[in-house]
Amino acid sequence: MKQRSFVMLKPDAVKRRLAGEVLTRFEKRGLKIIATKMMIIDSDLAKKHYGEHSEKPFFKDLVNYIISGPVLATVIEGEECISLIRKMVGATNPQEADLGTIRGDYAIDTGRNIIHASDSPASAAREISLFFEDSEICEYTLPD
Ligand code: CMP
């Protein structure tokens, strides 16, 4: 089934100039980028996006970090792409992420772990609508 996932390249990815390289991985896997924008998130949006972690001890650091620099908010489309992208991203803790995954290859620590990707269809729908208007999402077909 065709799905959409919300993928966000975090400030460490942008500042380390890895954004293009990471997006290229998704393109090479045959996935389709249907929206992307660079933005500096405000703390209201950061708190909404990470609402499920609001009681966690790392919540304040997480919010402060994600608003500390530009992110690349992105919507990616493809067959069963939510779980596929999570596999490509790797474990949250880069020390546990397999080599060959994005975090396993590029990330330094759990806070600065390069990328966020939706973990379920429900979170994808919620996250996409938090960051994008419908009019910002591009429908197009790929060549055969
Ligand atoms: P992300 O996939 O964006 O979702 C929640 C984020 O919380 C996670 O990536 C990590 O970057 C961040 N985080 C910071 N500290 C922790 C922690 N101790 N356990 C899990 N996630 C953490």
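Residues numbered from 1 in each chain as written. Predicted model: local features only at pLDDT ≥ 70, side-chain atom pairs only at ≥ 80, totals over all residues.

Some details on the overall build of the protein
Stage number 1. Across its full length, the protein holds seven helices and four strands.
Stage number 2. Going from N to C terminus, the protein has its helices and strands arranged as β-α-α-β-α-α-β-α-α-β-α.
Stage number 3. With the C-alpha coordinates of the protein rotated into their principal frame, the extents come out at 45 × 35 × 25 Å.
Stage number 4. With 144 residues in all, the protein has 31% of them scored as buried.
Stage number 5. For the protein, the share of sequence-separated contacts (at least 6 apart) that also reach a separation of at least 24 residues comes to 69%. (Helix = DSSP H or I, 4+ residues; strand = E, 2+ residues; numbered from the N terminus. Buried ≥ 20, exposed ≤ 12 C-beta atoms within 10 Å, placed from the backbone. Contact = placed C-beta atoms within 7 Å.)

Looking at the UniProt feature "domain: Nucleoside diphosphate kinase-like" (unreviewed entry) in the protein
Stage number 1. Those places that UniProt annotates as "domain: Nucleoside diphosphate kinase-like" (unreviewed entry) correspond, in this numbering, to residues 2–139.
Stage number 2. Between the C-alpha atoms that bound residues 2–139 the distance is 13 Å, and the span itself is 40% helix and 20% strand. (UniProt positions renumbered as here; feature names shortened; annotations may be inferred.)

Here's the deal with the site of the ligand
Stage number 1. Surveying the vicinity of the ligand reveals the residues H53, F58, L62, T92, T110, G111, N113 and H116.
Stage number 2. Looking at the shell around the ligand residue by residue, the classes come out as two nonpolar, six polar and no charged. (Near = placed C-beta within 6 Å. Nonpolar A, V, L, I, M, F, W, Y, C, P; charged D, E, K, R; others polar.)

Remarks on the sheet that holds strand β1 (residues 2–9)
Stage number 1. Spatial strand order, β2-β3-β1-β4: four strands in an open sheet with antiparallel pairing. Of all strands in the sheet, those with a lone pairing partner are β2 (32–39) and β4 (115–117), marking the two edges. For this sheet, the mean angle separating the axes of adjacent strands, direction not counted, is 20°.
Stage number 2. Relative to strand β3 (residues 71–79), β2 is paired through seven bridges, and the arrangement is antiparallel. Of the residues in β3, the one forming a bridge with M38 is L72.
Stage number 3. Taken strand by strand, helix α7 (residues 121–131) contacts β1 and β3, and its axis lies near 60° from that of β1. (Pairing = 2+ DSSP bridges. Axes fitted to C-alpha atoms, helices over the stretch in contact; angles between N-to-C directions.)

Looking at the nonpolar core
Stage number 1. Counting 32 residues, the largest nonpolar core has M8, L9, I85 and I115 as its most contacted members.
Stage number 2. Put simply, the parts of the chain that give this core at least two residues each are β1, α2 (19–28), α4 (59–66), β3, α5 (81–89), β4 and α7.
Stage number 3. Not counting residues up to four positions away in its chain, the partners in contact with I115 are V7, M8, L9, K10, A13, V22, V89 and I102. (Core = buried A, V, L, I, M, F, W, Y, C linked by C-beta atoms within 7 Å.)

Quick word on the environment of D105
Stage number 1. Summarising the element assignment, D105 is placed in helix α6 (residues 102–106).
Stage number 2. By C-beta crowding, D105 is classed as partly exposed, having 17 other C-beta atoms within 10 Å.
Stage number 3. It is 19 Å that separates the C-alpha atoms of D105 and L72, two residues lying 33 residues apart in sequence.

Observations regarding unusual backbone geometry
Stage number 1. If you check the backbone angles, R17 has positive phi at about 55° while not being a glycine.
Stage number 2. For R17, the location among the structural elements is in the loop between α1 (11–15) and α2.
Stage number 3. Overall, the presence of 8 C-beta atoms within 10 Å leaves R17 in the exposed class.
Stage number 4. For I114, which is not glycine, the phi torsion reads 75° and is therefore positive.
Stage number 5. Note that I114 resides in the loop between α6 and β4.

Things to note about the confidence of the model for the protein
Stage number 1. Per-residue confidence for the protein gives a mean pLDDT of 97, with 100% of residues at or over 70.
Stage number 2. Predicted complex, confidence summary: ipTM 0.91, pTM 0.96. (pLDDT = per-residue confidence, 0-100.)

Quick look at α7
Stage number 1. Taken together, the buried positions of α7 are A124, E127, I128 and F131. Within α7, the buried residues cover an arc of 100° as seen down the axis, which keeps them to one side. More than 90 degrees from the buried face of α7, the exposed residues found are A122 and S129.
Stage number 2. Summarising the contacts, the buried residues of α7 are in contact with β1, α3 (43–49), β3 and α5. (Arc of directions from axis to C-beta.)

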